Amino acid sequence: MLFSRAGVRVRGGAEILRKDVAEASTLYWAYRRKNRPHQDLSHGWGSNSQWRTAFRRDYRVGHAFHYNVDGRCDLGAPEPATEDGEDGLTREERIELLTYRCFVSTTKPHHDLWPYDDRIRIET
């Protein structure tokens, strides 16, 4: 189980990662970030809210990564539409937001999205 993570260094080609997007897009499942927009389910619920919201649970089992296992919408299921959903995101953009917790290449608006219900299993 991936419990927490701190500052990391990331490398990727321009076809995978856009530095300007990755450093400035809203970071979801993050309570606080000094120089970056952030969003967490515990915001706005009072003094004990950080301890009353559920943890995001990610696992690596064998050769598969399981992201946000408690989410109700399985993005890996064969039936999800490839069209834009209510939030205007395609399935691929929702997967990007879920796996990286932010956009790293998508330039669409990144505020007020709701990735908390999504989950996916990715084979490596």
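Structure first, text after, so check above.
Residues numbered from 1 in each chain as written. Predicted model: local features only at pLDDT ≥ 70, side-chain atom pairs only at ≥ 80, totals over all residues. Heavy atoms only, no water.

Draft legend 1. Focus on the overall build of the protein chain. When its secondary structure is counted, the protein chain shows three helices and six strands. Moving toward the C terminus, one meets the helices and strands of the protein chain in the order α-β-β-α-β-β-β-α-β. Split into buried and exposed, the 124 residues of the protein chain put 33% on the buried side. Here the contacts in the protein chain between residues at least 6 apart in sequence split such that 55% fall between residues at least 24 apart. Roughly 8900 Å² of accessible area belongs to the protein chain as shown, and the carbon and sulfur atoms make up 51% of that amount. (Helix = DSSP H or I, 4+ residues; strand = E, 2+ residues; numbered from the N terminus. Buried < 20%, exposed > 50% of the residue type's maximum accessible area, 1.4 Å probe, protein only. Contact = heavy atoms within 4.5 Å. Areas by Shrake-Rupley, 256 points an atom, 1.4 Å probe, with all protein chains shown as cover.)

Draft legend 2. Quick peek at the nonpolar core. If you look at the biggest cluster of nonpolar residues, it comprises 13 residues, and the most contacted ones within it are Tyr 28, Leu 97, Leu 98, Phe 103, Leu 113 and Ile 120. By residue number, the principal contributor to this core is helix H3 (residues 91–100), which donates three residues. The contact partners of Leu 98, leaving out residues within four places of it in the chain, are Trp 29, Arg 56, Tyr 67, Asn 68, Leu 75, Pro 115, Asp 118, Arg 119 and Ile 120. Membership of the second largest hydrophobic core comes to six residues, among which are Leu 17, Ala 22, Ala 30 and Val 104. (Core = buried A, V, L, I, M, F, W, Y, C linked by side-chain atoms within 4.5 Å.)

Draft legend 3. The arrangement of the sheet that holds strand E4 (residues 64–67) in detail. As summarised here, the arrangement of the four strands in space is E3-E4-E6-E5, forming an open sheet in which the pairing is mixed. Taken across any chain shown, the strands that pair with only one partner, and hence form the sheet edges, are strand E3 (59–61) and strand E5 (73–74). One ladder, built from two bridges, connects E5 with strand E6 (residues 118–123); its direction is parallel. Within the sheet, the bridge partner assigned to Cys 73 lies in E6 and is Asp 118. Lying over the sheet, H3 contacts E4, E5 and E6, oriented at roughly 85° with respect to E6. (Pairing = 2+ DSSP bridges. Axes fitted to C-alpha atoms, helices over the stretch in contact; angles between N-to-C directions.)

Draft legend 4. Quick look at the side chain of Asn 68. Considering the arrangement of structural elements, one finds Asn 68 in the loop between E4 and E5. According to the relative accessible area criterion, Asn 68 is buried, its value standing at 5%. Not counting residues up to four positions away in its chain, the partners in contact with Asn 68 are Trp 29, Arg 56, Arg 57, Asp 58, Leu 98, Pro 115, Tyr 116, Asp 117, Asp 118 and Arg 119.

Draft legend 5. Spotlight on H3. What H3 keeps buried is the set Glu 93, Ile 95, Glu 96, Leu 97, Leu 98 and Thr 99. Buried residues along H3 sit against strand E1 (27–28), E4 and E6. Arg 101 lies just past H3 and shows a positive phi near 70°.

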